[in-house]
Amino acid sequence: MGVSHISNRSEKSSERWSRRGVLTVLGVVPAAVLTGCSSSAGAAESAASGGAPATASVKAAKTPTVTVSPADGTKKADFSAPVTVTVADGTFTTVKVTGNDGSTLAGTFNEAKTKWTSTKNPYSGTKYTVAAQAQGAAAKTATFTTKSPGETFVGYFTPEANSTSGVGMPVSINFTHAVKDRAAVQKAITVTAEPAVEVVGHWFSDTRLDFRPETYWAAGTKITLSLRLKDVEGQDSVYGIQSKDVTFDIGREQISTVDLSSKEMVVKRDGRTLATYPVSGGNAQHTTWSGIMVISERFKQTRMESSTVGLGDEYDISDVPHAQRLTTSGTFVHGNYWASTAVFGHENTSHGCVGLHDAKGADNSSVAGYKFYDSSMLGDVVIVKNSGDKTVAADNGLNGWNLSWADWKAGSAV
């Protein structure tokens with residue numbers, strides 16, 4: 001009986017201990033599940049024992065979003081900034097921007113290929129289509145139209161396209177609107193030569209820019225003028241409209257030297273004397289400019305009237321033969337049929353021009369005026385010395401050769 005009593009206490013004590021032990025052990029299991037790695041079998045066991053299964057949080061893949069600037073559908077987009085195309089949540093494979101004129105706007109990607117930027121600005125008054133393809137997404141197409149410029153300007157150039165000129169012919173450009181941003185305009189114009197030689201621009205005014213090498217062009221040179229003035233802002237809200245290339249050639253070298261002390265002109269072709277002519281220059285009251293001059297216009301016959309050069313009514317000759325312009329102010333080398341043949345080579349009697357004996361009607365091929373005109377071309381060089389007058393201004397005609405190379409380069413804006 002006593003043993004039996006003792007045995008009952010022992011069972012109760014054992015039962016209490018066993019319950020606490022079970023609770024303690026069960027308390028360890030959840031901790032192991034939270035901190036350790038579990039297999040699918042472990043998860044199945046947890047589910048079988050009534051526990052909640054483990055779940056993974058997976059993000060849905062985002063669709064790339066493409067943005068075009070100027071925005072799709074813009075009607076009057078700015079043309080003074082590049083086109084940009086960007087993509088979020090993706091990378092580009094291709095971007096192409098095409099104008100309605102068939103041109104393509106080139107561009108480059110950033111290193112991550114999330115942004116494309118055009119290398120040049122779009123042209124004004126042009127409709128563009130953007131086709132952008134991002135990796136793993138449908139192609140994006142957008143269109144925009146750039147606005148038209150307000151005021152515009154062009155540059156009229158000398159010599160004419162596809163012409164052949166003498167070795168003294170500069171490339172001279174006269175603008176229809178004053179240019180304030182000379183650097184921007186000059187950077188948009190290039191003049192190149194074959195054979196290659198350094199060619200530099202010189203601004204004579206806000207409307208005139210000439211190009212020349214250090215010395216005369218070599219005979220046979222091919223010159224290319226590239227105008228990239230379209231949408232270049234010459235001054236506030238005034239834009240260029242030209243984008244073109246023109247070429248012209250330099251012919252043989254002919255340089256004529258007029259000495260008004262000896263009153264003769266020596267014509268040299270490619271370094272050899274071609275002819276020597278007696279001449280008559282400006283008299284003491286109307287001396288001839290000295291210096292290097294370039295033939296800029298040629299007329300078989302033309303009218304010369306003194307009132308046009310500020311000399312009142314001193315002369316008016318309707319049919320001056322074989323006239324070749326040397327200055328804007330009115331200096332010519334021309335034929336003269338009204339003066340005695342004894343004048344030429346002996347007296348300077350003109351109002352500033354250089355005269356050669358000629359015949360009325362301009363058809364007599366035996367006289368000096370006819371011969372010199374027939375041997376000449378635009379761009380030929382005529383040098384006048386010992387005239388008693390100062391050197392002609394470099395901008396009085398195509399006569400920039402009278403500036404030293406240093407002074408010429410000082411007139412460049414770039």
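No experiment lies behind these values; they were computed from the predicted model shown.

## Brief notes about the sheet that holds strand E27 (residues 354-357)
1) Next: Taking strand neighbours across the sheet as the criterion, the four strands line up as E24-E25-E26-E27 in an open arrangement whose pairing is mixed. The open sheet has two edge strands, strand E24 (297-305) and E27, and neither has a second partner. The sheet shows a mean angle of 35° between the axes of neighbouring strands, taken without regard to direction.
2) Next: Helix H4 (residues 368-375) rests against E24, strand E25 (316-325), strand E26 (332-336) and E27 of the sheet, and its axis sits at about 40° to E25.

## A few points about the layout of surface pockets
1) Next: Reported here for the largest pocket is a volume of approximately 560 Å³.
2) Next: Along the wall of the largest pocket there are 24 residues; nearest its centre are Lys 120, Asn 121, Tyr 123, Arg 228 and Lys 230.
3) Next: For the lining of the largest pocket, the secondary-structure elements that each account for two or more residues are strand E4 (104-105) and helix H3 (182-187).
4) Next: Its residues placed into classes, the lining of the largest pocket shows 11 nonpolar, six polar and seven charged.

## So, the sheet that holds strand E11 (residues 164-165)
1) Next: On the basis of which strands lie adjacent, the open sheet formed by four strands has the order E11-E19-E16-E13 and mixed pairing. The open sheet is flanked by E11 and strand E13 (189-194), the only strands paired with a single partner.

## Here we look at the nonpolar core
1) Next: Of all hydrophobic cores here, the largest spans 33 residues; its most connected members are Phe 175, Val 185, Ile 189 and Leu 225.
2) Next: Elements supplying a minimum of two residues to this core: strand E12 (171-175), E13, strand E15 (208-212), strand E16 (222-228), strand E19 (243-250) and strand E23 (291-294).

## Considering the confidence of the model for the protein chain
1) Next: In the predicted model, the protein chain carries a mean pLDDT of 88, and the fraction of residues at 70 or more is 86%.
2) Next: In this model residues 54-58 is a low-confidence stretch, pLDDT under 50, and it forms zero contacts with partners more than four residues away in sequence or in other chains.

## A closer look at the packing of aromatic side chains
The relation between two aromatic rings is expressed through the spacing of the ring centres and the mutual angle of the planes.
1) Next: In this structure the tally under the stated criterion is nine aromatic pairs.
2) Next: Summarising the aromatic geometry, the rings of Phe 204 and Trp 408 are spaced 5.8 Å apart at their centres and angled 75° between planes, so their arrangement reads as edge-to-face. Residue Phe 204 is located in strand E14 (residues 200-205), and its partner Trp 408 is located in helix H5 (residues 405-410); the two are separated by 204 residues in the primary sequence. Of the two residues, Phe 204 and Trp 408, both sit in the buried class.
3) Next: On the numbers, 6.3 Å between centres and 70° between planes, the contact of Tyr 277 with Phe 372 is edge-to-face. In this pair, Tyr 277 sits in strand E22 (residues 272-278) while Phe 372 sits in helix H4, placing the two residues 95 residues apart along the sequence. Note on accessibility: Tyr 277 and Phe 372 belong to one class, buried.
4) Next: By the ring-pair criterion, three or more aromatic residues cluster together here, those being Phe 153, Phe 175 and Trp 203.
5) Next: When the ring centre of Phe 109 is taken as origin, the NZ or CZ atom of Lys 113, which lies over that ring, is 4.9 Å away.

Rules of the game
- Residues numbered from 1 in each chain as written.
- Predicted model: local features only at pLDDT ≥ 70, side-chain atom pairs only at ≥ 80, totals over all residues.
- Heavy atoms only, no water.
- Pairing = 2+ DSSP bridges.
- Helix = DSSP H or I, 4+ residues; strand = E, 2+ residues; numbered from the N terminus.
- Axes fitted to C-alpha atoms, helices over the stretch in contact; angles between N-to-C directions.
- Contact = heavy atoms within 4.5 Å.
- 1 Å grid on protein atoms, 1.4 Å probe; cavity = no way out; pocket = protein on both sides within 12 Å on 5 of 7 lines; lining within 4 Å.
- Points joined across faces, edges and corners; volume = space filled by probe spheres on them.
- Nonpolar A, V, L, I, M, F, W, Y, C, P; charged D, E, K, R; others polar.
- Core = buried A, V, L, I, M, F, W, Y, C linked by side-chain atoms within 4.5 Å.
- Buried < 20%, exposed > 50% of the residue type's maximum accessible area, 1.4 Å probe, protein only.
- pLDDT = per-residue confidence, 0-100.
- Phe/Tyr/Trp six-rings, centres within 6.5 Å; stacked < 30°, edge-to-face > 60°.
- Lys NZ or Arg CZ within 6 Å of the ring centre and 35° of its normal.

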